[in-house]
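Architecture and fold: a report
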Amino acid sequence: MTSTLFRGGSITTWADEPATALVLEDGLVVSHDEQPCDEVVELDGRCVVPGFVDSHTHLVFGGDRTAEFESRMAGIPYAAGGIRTTVAATRAASTEELASRARRLADECLRSGTTTIEVKSGYGLTVEDERRLLEVARGITSHTTFLGAHVPDGDGYVDLVTGPMLDACAPLATAVDAFCEEGAFDVDQCREVLSAGRARGLAVHLHANQLRPGGGVRLAAELGALSADHCTHVSDEDITAMRDARVAAVLVPAAEFSTRSPYAPARRLLDAAVTVALATDCNPGTSFTTSMPFVIALAVRELRLTPLEALRAATLGGATALAVDAGHLRVGAHADLVVLDAPSPAHLAYRPGVDLVAQVWRGGTLVSGPAARSRCR
Ligand code: NIG
Ligand code: FE
């Protein structure tokens, strides 16, 4: 088994003690102190951060919504109904087409430093289409979320979702989600869907309070959800409920950016000790980006997080939202990391739009970027 030493630059691990170096062995972080290794990565002043954890994406879809984006930029507001355009295109696409598009997007994620990703269904809305979307998602990640309750499709739709659709999809999913919004599902319908999923052993996420205030966030707290996602319009009571129930707030500022909407009150959430996660929400309607560095830059500029708070939310925060052991480089962690072509992680926000990701390592293996390594004697 090969051991690898990273030295000569700043290393963020989220351990209590600063790391002077990083040693990987057998896919794990084994030391924060320099020791003889089979190979060395000379950082030469560059920095290492944990791989990003993108805890909210919709990577499996067909079609294109450029025209909707253009009309939105010309002043037409976003509404939940746009999802149907993608549903029609997704149903018309073959599973191979969906898989190759999703794979390309997942590769994009990896190249920009994302080493753990969640992928939702939600653009099929029939038993068979939701099932094949989750099958495609499973080819990409082990964090797959059943979002049959994205928008309603015909009479008795909630019964379909909680019955035959859940039967077909639960074995392929690790979590259940719903879109709690005017034009999508109300609080009672979401409670039905999420409770049914939870009864099948699925973890719970909820798209909540994206476009207007409402009971979504409080429902997430009531059900002990892992996360409430979006959280753009939240009251102090909502925030207290999230804190008390330990529901993470998954913030997706690229969606606000691309829909020209107000940003979520990240400072109020952080000040109330709610766990904040940052995610791309990559989807063809509201946020067609796979870039966590872009999301970090937005979080610093628009959500007023410090660069380190943003990095923490994009790594450890995302891991909390997925209940997965990732997003840190403490001794014993999976060796999922990013080498940035920058002296500190603050450059992710300080240099927006610049590709600073030099290398991506997953499970101790270099998976993206040039192999600038030297062998030790
Ligand atoms: O997270 N809000 C619901 N779902 C997506 C948007 C989906 C779409 O418009 O296609 C979101 O923003
Ligand atoms: Fe979403």
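1. Considerations on the coordination of the iron ion (ligand 2)
The protein atoms donating to the iron ion (ligand 2) are His56 (NE2), His58 (NE2), His207 (NE2) and Asp281 (OD), with metal-donor distances spanning 2.0 to 2.4 Å. Within one chain, the residues donating to the iron ion (ligand 2) are spaced in sequence as H-x1-H-x148-H-x73-D. A residue pair is termed long-range when its members are at least 10 positions apart, and His56 in the loop between strand E6 (52-54) and helix H1 (66-73) and Asp281 in the loop between strand E13 (276-278) and helix H11 (292-301) qualify at 225 residues. The same class applies to His56 and to Asp281, which are both buried.

2. With respect to the packing of helix H3 (residues 95-111) against helix H4 (residues 127-138)
When two helices pack together, their arrangement is given by the angle between their axes and by how far apart the axes lie. Two numbers describe how H3 lies on H4: the axes approach to 10 Å, and their chain directions differ by 40°. It follows from the interaxial angle that H3 and H4 lie oblique. Regarding H3 and H4, the two cross each other, and that crossing is right-handed. Contact with H3, carried on its side by Thr95, Leu98, Ala99 and Ala102, involves Arg132, Leu133 and Val136 of H4 and no other residues of that element. Residues belonging to the contact of H3 with H4 are distributed by class as follows: five nonpolar, one polar and one charged.

3. Points about the site of ligand 1
Neighbouring ligand 1 are 15 residues, the closest being Arg65, Tyr78, Tyr123, Gln210 and Thr286. The contact in question runs from an oxygen atom of ligand 1 to an N or O atom on the side chain of His230, over 3.0 Å. A distance of 2.8 Å separates an oxygen atom of ligand 1 from a polar atom in the side chain of Thr286. Considered class by class, the residues forming the shell around ligand 1 number four nonpolar, nine polar and two charged.

Definitions and cut-offs
Residues numbered from 1 in each chain as written. Chains lettered and ligands numbered in written order. Predicted model: local features only at pLDDT ≥ 70, side-chain atom pairs only at ≥ 80, totals over all residues. Heavy atoms only, no water. Donors = N, O, S within 2.8 Å, 3.2 Å for Na, K, Ca; no water. Helix = DSSP H or I, 4+ residues; strand = E, 2+ residues; numbered from the N terminus. Buried < 20%, exposed > 50% of the residue type's maximum accessible area, 1.4 Å probe, protein only. Axes fitted to C-alpha atoms, helices over the stretch in contact; angles between N-to-C directions. Parallel < 35°, antiparallel > 145°, perpendicular 65-115°, else oblique. Left-handed = near helix turned anticlockwise from the far one by under 90°. Contact = heavy atoms within 4.5 Å. Nonpolar A, V, L, I, M, F, W, Y, C, P; charged D, E, K, R; others polar. Near = heavy atom within 4 Å. Polar contact = N/O pair within 3.5 Å; in protein donor to acceptor, adjacent residues only side chain to side chain.

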